[in-house]
Amino acid sequence: MKTLILGGARSGKSALAEKLAIDSGKPVVYVATAEALDDEMAVRIAHHRARRPSTWLSIEEPLALGTTLRTHVAAGNLVLVDCLTLWLSNALWMREGIHFDAEHADLLAAAGEPGGDIIFVSNEVGLGITPLGEITRRFVDEAGRLHQSLASVCDRVVFVAAGLPLVLKGTLP
Amino acid sequence: MKTLILGGARSGKSALAEKLAIDSGKPVVYVATAEALDDEMAVRIAHHRARRPSTWLSIEEPLALGTTLRTHVAAGNLVLVDCLTLWLSNALWMREGIHFDAEHADLLAAAGEPGGDIIFVSNEVGLGITPLGEITRRFVDEAGRLHQSLASVCDRVVFVAAGLPLVLKGTLP
Amino acid sequence: MKTLILGGARSGKSALAEKLAIDSGKPVVYVATAEALDDEMAVRIAHHRARRPSTWLSIEEPLALGTTLRTHVAAGNLVLVDCLTLWLSNALWMREGIHFDAEHADLLAAAGEPGGDIIFVSNEVGLGITPLGEITRRFVDEAGRLHQSLASVCDRVVFVAAGLPLVLKGTLP
């Protein structure tokens, strides 16, 4: 079962993802794409971490999601990726020598492989005013395309607002 | 019956709130959190006011929503708060000496008391690109958390787009 | 049948509109409101155009949508307008001597005429943080009002996220 959870900032999307992961009864590998590069991020990361079960294996992987998914899905884990928005930002800009197209293609290939349990969490960022600046528009466009691509290979797509799920594809238990 | 109505700018959320208030048949206390601090706000306030029944009691209360709710709900009124987004902005920044945490806790406590008829209107602001600036991110985060907290104590949560309601929790008549 | 399709950037709203147009079996007039004023727009326009059937009549009409709709709807075509957001931007600011109120009223009048097959595509832009600047707020407000007005005369309103439709009014085939 593959699930894509979309929502705005502080919409409750991570909490829903974590609940679905717990309820699955499977061993969970939690893949954080965030890195504690400044104090504000460190607080956000700590806030999220305190909520997660201690039995989960937690990994920080800002870039190589395709490889990470293949490894841990093949071992029979449910892999929870939180969140794709930061991965996209990392892959597009924050690293020298990163080949976005290759990382992107590898993520989509890994997500599209049959079977496996994955929950993707991502921010919906395209419903505000079109931002000034070519770089920001690129980010919004790539996020939209990524969500469409992943939604097409996921069994379930849920939009979360005010902590409440709205099912766009599939069903919730 | 407690209702939270979320939506974007000019989405029709206030009109829906006012329709639900009228259809309830109860005496209505309308709590405006906006103050006419400049011409643009004065025009917006007048536009909203012209639409409301003259029998409603209208109050301007930019900050002390908890106290206001307790007083008027206990008297048997339906209290319509429009909107929480401005209250949040007022409580976070626009007043000296305001203790946001206390006002916030008092609002949630009043909203969580059993019984009572309340309709909250609030802007969904978290579905665009993450804004630059720590202050704006704080606002988006607090808005998201507030919506989650209120949604959990409301009987009904409705998202409005293009004047059309999308029920996230409960049912519409 | 009149349809309004709303969604964020790269949400799949144009693809849904084009699928509905093809599935209608009617002759299609495609009205592009975009003009290739810079390289970025030229790439976007070319990307959209490559996807459309060659049998469609394509028109570039940045402003006079009311007149365009009347002409081609009366001739028995399904008219697909993509997108209203750019039209709004054009009508509000990009042209000297444009009377926004008149163009706006004419669009609503043409859309409200009984019968006819029209699909409108528009960006939802009001779900992010309220932008700084009176001009941007005006744009967001006018977009919200336009969506409400058109939604009230359309038989079907669909919100698209991650390529997945969420029906707000009417039904999808």
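Nothing here was measured: the structure is a model prediction, and the numbers come from that model.

Participant: When you look at the relation of the copies chain A and chain C in this model, what are you seeing that I'm missing?
Facilitator: The operation relating the two chain copies consists of a rotation about an axis and a shift along that axis. Laying chain A over chain C is done by rotating through 120° and shifting 0.0 Å along the axis; what remains is an RMSD of 0.0 Å. On this basis, the relationship between the two copies can be described by a three-fold rotation axis. Nearest to the rotation axis, the C-alpha of Gly128(A) is located 2.3 Å from it, this being the minimum over chain A.

Participant: Would you explain helix α3 (residues 65-74) of chain C in this entry?
Facilitator: Along an α-helix, residues three or four apart share an orientation, since each turn contains 3.6 residues. Every buried residue of α3(C) is accounted for by Leu65(C), Gly66(C), Thr68(C), Leu69(C) and His72(C). Looking straight down α3(C), one finds its buried side chains confined to an arc of 160°; they lie on one side.

Participant: How do you make sense of helix α1 (residues 13-24) of chain C when you look at a structure like this?
Facilitator: With 12 residues, α1(C) extends 17 Å between its outermost C-alpha atoms, agreeing within 8% with the 16 Å of an ideal straight helix rising 1.5 Å per residue. At the exit of α1(C) stands Gly25(C), carrying a positive phi of roughly 75°.

Participant: Just to check I follow, could you spell out the interface of chain A and chain C for this structure?
Facilitator: Put simply, an interface is often sized by how much accessible area is lost when its parts join up. Of the residues lining the interface, 18 residues belong to chain A; the matching set on chain C comes to 23 residues. Counting each side, the surface lost to burial between chain A and chain C is near 1,700 Å², with a carbon and sulfur contribution of 64%. Broken down residue by residue, the surface that chain A buries against chain C is led by Leu127(A), Ile129(A) and Leu168(A), which jointly contribute 38%. Run the count over chain A and chain C and you get one salt bridge. The partner of Asp141(A) in a salt bridge is Arg10(C), with the nearest N and O atoms 3.3 Å apart. For the interface between chain A and chain C, the tally reads six residue pairs in polar contact (both at pLDDT 80 or more). Elements supplying a minimum of two residues to the side of chain A that touches chain C: α6 (134-153) and β7 (164-169) of chain A. When residues in the side of chain A that touches chain C are grouped by element, the largest group, nine residues, is from α6(A). Its residues placed into classes, the side of chain A that touches chain C shows eight nonpolar, five polar and five charged.

Participant: Just to check I follow, could you spell out the interface of chain B and chain C for this structure?
Facilitator: Between chain B and chain C, the contact holds 23 residues from the first and 18 residues from the second. Taken over both partners, the interface formed by chain B and chain C buries close to 1,700 Å², and the fraction arising from carbon and sulfur atoms is 64%. A per-residue breakdown of the area chain B buries against chain C is headed by Arg10(B), Ala162(B) and Leu164(B), which together make up 34% of the total. Here chain B and chain C share one salt bridge between them. There are six residue pairs in polar contact (both at pLDDT 80 or more) connecting chain B and chain C. If you list the elements that add at least two residues to the side of chain B that touches chain C, you get α2 (39-49), α6 (134-153), β6 (156-161) and β7 (164-169) of chain B. With three residues, α6(B) is the largest single contributor of residues to the side of chain B that touches chain C. Grouping the constituent residues of the side of chain B that touches chain C by class yields 11 nonpolar, eight polar and four charged.

Participant: Would you mind showing me how to read the environment of Val121(A) here?
Facilitator: Residues and elements named next belong to chain A. Here Val121 lies in strand β5 (residues 117-123). Residues Val121 and Leu107 lie 14 residues apart in sequence; the distance between their C-alpha atoms is 14 Å. When residues no more than four places from it in sequence are discounted, the contact partners of Val121 are Ile5, Lys13, Ser14, Ala17, Leu80, Val81, Asp82, Cys83 and Leu84.

Participant: Which parts of the structure should I look at to understand the UniProt feature "active site" (unreviewed entry) in chain A?
Facilitator: Residues and elements named next belong to chain A. The UniProt record annotates "active site" (unreviewed entry) at His48. Considering the arrangement of structural elements, one finds His48 in helix α2 (residues 39-49). Residue classification places His48 among the buried positions, given a relative accessible area of 15%. Every residue in contact with His48, bar those within four places of it in the chain, is listed here: Arg10, Ser14, Tyr30 and Asp82.

Cut-offs applied
- Residues numbered from 1 in each chain as written.
- Chains lettered and ligands numbered in written order.
- Predicted model: local features only at pLDDT ≥ 70, side-chain atom pairs only at ≥ 80, totals over all residues.
- Heavy atoms only, no water.
- Least-squares fit on C-alpha atoms with pLDDT ≥ 70 in both.
- Buried < 20%, exposed > 50% of the residue type's maximum accessible area, 1.4 Å probe, protein only.
- Helix = DSSP H or I, 4+ residues; strand = E, 2+ residues; numbered from the N terminus.
- Arc of directions from axis to C-beta.
- Expected span 1.5 Å × (residues − 1).
- Contact = heavy atoms within 4.5 Å.
- Buried area = accessible area lost by both parts, 1.4 Å probe.
- Salt bridge = Lys/Arg side-chain N within 4 Å of Asp/Glu carboxyl O.
- Polar contact = N/O pair within 3.5 Å; in protein donor to acceptor, adjacent residues only side chain to side chain.
- Nonpolar A, V, L, I, M, F, W, Y, C, P; charged D, E, K, R; others polar.
- UniProt positions renumbered as here; feature names shortened; annotations may be inferred.

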